[in-house]
Amino acid sequence: MALRKLVAGNWKMNGSLAALAELDAIAVAAGAHAGIDVLVCPPFTLIPAAVARAPDLIFGGQDCHHAARGAHTGCVAAGMLKEIGAAYVIVGHSERRADQHETDADVQAKARAAIAAGLIAIVCVGETEAQRDAGHAGIVVSNHLDGSVPPEATEVTLVISYEPIWAIGTGRTPSLADVAEIHAIIRAKLIDLLGRAGERVRIVYGGSVKPENAADILSVADVDGVLVGGASLTADQFVPIVEAAA
Ligand code: PEP
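Note that the structure is a prediction, hence the values are computed from the model and not measured.

Q: Can you walk me through the overall build of the protein chain in this structure?
A: A count of helical and extended segments in the protein chain gives ten helices and eight strands. Computed over the C-alpha atoms, the radius of gyration of the protein chain is 16 Å, within 12% of the 18 Å expected from 2.2 N^0.38 for a compact globule of 246 residues. Projecting the C-alpha coordinates of the protein chain onto the three principal axes gives extents of approximately 45 × 45 × 35 Å. Nonlocal contacts in the protein chain, meaning residues at least 24 apart in sequence, comprise 71% of its contacts between residues at least 6 apart.

Printed below as a string of structure tokens:
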């Protein structure tokens, strides 16, 4: 089933007020391709200025806390992101699972908070290189979904991003057959967990997506978009990826 494609940029801890100039060309490309969703996730601090500069683009956060408010120094609640104009939030990125020791239960709680606040949660799942070499990629991803997907999620409130950890920022990607195999496993698991809604939850691929490989990756069955790190930082790299999805 062809779902509306999502091209998402994750700026991670990169960018500056000056870097928001990149949004101008990205907004033009997004405006020319109304049939897809183009999302940029800058650091929290840049979101208000990003929204002001490119009001027709879609913006998101890169994380949120599971609580709506409270004594959590340095954290940001999903409702706070919503209030400043975010529509999405990434949760469970492998860098946070590694650096902040986030578990599947943490990720599920964050996704639930995001949905409760009116955001679309992008839940990231993916295997390490050792897990893939051991033949365990499918089961690792399946277990991530079991633990991280909120039972109340629907195709409107949830996106899954398959991000093999060994492909992030390395220039390496799985074969198209491997992407197809894992996306099919994710689709089956989503139907198992969410019923009919699971047929329509978008599943995006992330990990060294570039202008050169975007069209091939986007042509794979059940690849409903891409989550792009490094190549989302500049319009000259990100716009061709947007065009590949259109
Ligand atoms: C990411 O961190 O989500 C990512 C996919 O990074 P990159 O595109 O740089 O591999």
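Q: What should I look at first to understand the sheet that holds strand 2 (residues 37–41) in this one?
A: The strands that make up a sheet pair up through hydrogen bonds in the backbone, lying either parallel or antiparallel. Spatially, 1-2-3-4-5-6-7-8 is the arrangement adopted by the eight strands of the closed barrel, whose pairing is parallel. Averaged over neighbouring strand pairs, the angle between their axes works out to 25° when direction is ignored. Here strand 1 (residues 6–10) runs beside strand 8 (residues 225–228); their pairing, made up of four bridges, is parallel. Of the residues in strand 8, the one forming a bridge with alanine 8 is leucine 227.

Q: I'm lost on the confidence of the model for the protein chain in this one. Help?
A: A low pLDDT means the predicted coordinates there should not be read in detail. Summary statistics for the protein chain give a mean pLDDT of 98 and a share of 100% for residues scoring 70 or more. Quick note on the complex model: pTM equals 0.98, ipTM equals 0.98.

Q: Can you walk me through helix 10 (residues 235–245) in this structure?
A: Since the α-helix turns once every 3.6 residues, residues separated by three or four places project in the same direction. Along helix 10, the residues classified as buried are Phe238, Val239, Ile241, Val242, Ala244 and Ala245. Of the surrounding secondary structure, the elements contacted by the buried residues of helix 10 are strand 1, helix 1 (22–32), strand 2, helix 9 (214–218) and strand 8.

Q: Looking at this structure, I do not really get the pairing of strand 5 (residues 120–125). What am I missing?
A: For a regular strand, side chains alternate in direction, first toward one face of the sheet and then toward the other. For strand 5, the buried fraction is high: six of the six residues fall into the buried class. Alternating residues of strand 5 divide into Ile120, Ile122 and Cys124 and Ala121, Val123 and Val125, and every residue in both groups is buried. Sheet analysis places strand 4 (residues 88–91) next to strand 5, joined by four bridges and oriented parallel. Residue pairing for strand 5: isoleucine 90 is matched across the bridge by isoleucine 122. Bridge analysis of strand 5 against strand 6 (residues 158–162) gives five bridges, and the strand direction is parallel.

Q: Mind showing me how you'd approach helix 7 (residues 137–148) here?
A: Relative to the 16 Å expected for twelve residues at 1.5 Å per residue, helix 7 spans 16 Å between its end C-alpha atoms, a close match to the ideal helical length. Tucked inside the fold, the buried residues of helix 7 contact helix 5 (104–116), strand 5, helix 6 (129–133), strand 6 and helix 8 (176–194).

Q: Just to check I follow, could you spell out the nonpolar core for this structure?
A: As a rule of thumb, nonpolar side chains are buried together in soluble globular proteins. Core analysis: the largest hydrophobic core is formed by 73 residues, its most contacted members being Val89, Ala121, Val123, Val226 and Ile241. Non-local contacts of valine 226, meaning those with residues more than four positions away in its chain, are made with Val7, Val204, Tyr205, Gly206, Val209, Ala214, Ile217, Leu218, Ile241 and Ala245.

Q: Would you mind showing me how to read the packing of helix 1 against helix 10 here?
A: Helix-helix packing is described using two parameters, namely the angle between the two axes and the distance between the axes. The N-to-C vectors of helix 1 and helix 10 enclose an angle of 10°; their axes lie 9 Å apart at closest approach. Viewed along their axes, helix 1 and helix 10 adopt a mutual orientation that is roughly parallel. Each of Glu22, Ala25, Ile26, Ala29 and Ala30 in helix 1 lies in contact with helix 10, whose residues at this interface are Ala235, Phe238, Val239, Val242 and Glu243. Looking at the contact of helix 1 with helix 10 residue by residue, the class counts come to eight nonpolar, no polar and two charged.

Q: Sorry if this is basic, but what is going on with unusual backbone geometry here?
A: With glycine set apart, most residues show a phi of negative sign, and most peptide bonds adopt trans. Located in the positive-phi region is histidine 101, a residue other than glycine, with phi close to 55°. With respect to the helices, strands and loops of the structure, histidine 101 is situated in the loop between helix 4 (94–99) and helix 5. The class for histidine 101 is exposed, based on 8 C-beta atoms found within 10 Å. For serine 208, which is not glycine, the phi dihedral falls at a positive 60°. Residue position: serine 208 is located in the loop between strand 7 (202–206) and helix 9.

Q: Quick question: what am I supposed to make of the UniProt feature "active site" (unreviewed entry) in the protein chain here?
A: When the UniProt feature table is mapped to this numbering, "active site" (unreviewed entry) covers His93 and Glu163. Maximum C-alpha separation among the annotated residues is 8.4 Å over a sequence range of 71 residues, consistent with a single clustered spot. Topologically, histidine 93 is positioned in the loop between strand 4 and helix 4. Other than its neighbours up to four places away in sequence, histidine 93 contacts Gln62 and Cys124. Inspection of the secondary structure puts glutamate 163 in the loop between strand 6 and helix 8.

Conventions used here
Residues numbered from 1 in each chain as written. Predicted model: local features only at pLDDT ≥ 70, side-chain atom pairs only at ≥ 80, totals over all residues. Helix = DSSP H or I, 4+ residues; strand = E, 2+ residues; numbered from the N terminus. Rg over C-alpha atoms; globule rule 2.2 N^0.38 Å. Contact = placed C-beta atoms within 7 Å. Pairing = 2+ DSSP bridges. Axes fitted to C-alpha atoms, helices over the stretch in contact; angles between N-to-C directions. pLDDT = per-residue confidence, 0-100. Buried ≥ 20, exposed ≤ 12 C-beta atoms within 10 Å, placed from the backbone. Expected span 1.5 Å × (residues − 1). Core = buried A, V, L, I, M, F, W, Y, C linked by C-beta atoms within 7 Å. Parallel < 35°, antiparallel > 145°, perpendicular 65-115°, else oblique. Nonpolar A, V, L, I, M, F, W, Y, C, P; charged D, E, K, R; others polar. UniProt positions renumbered as here; feature names shortened; annotations may be inferred.

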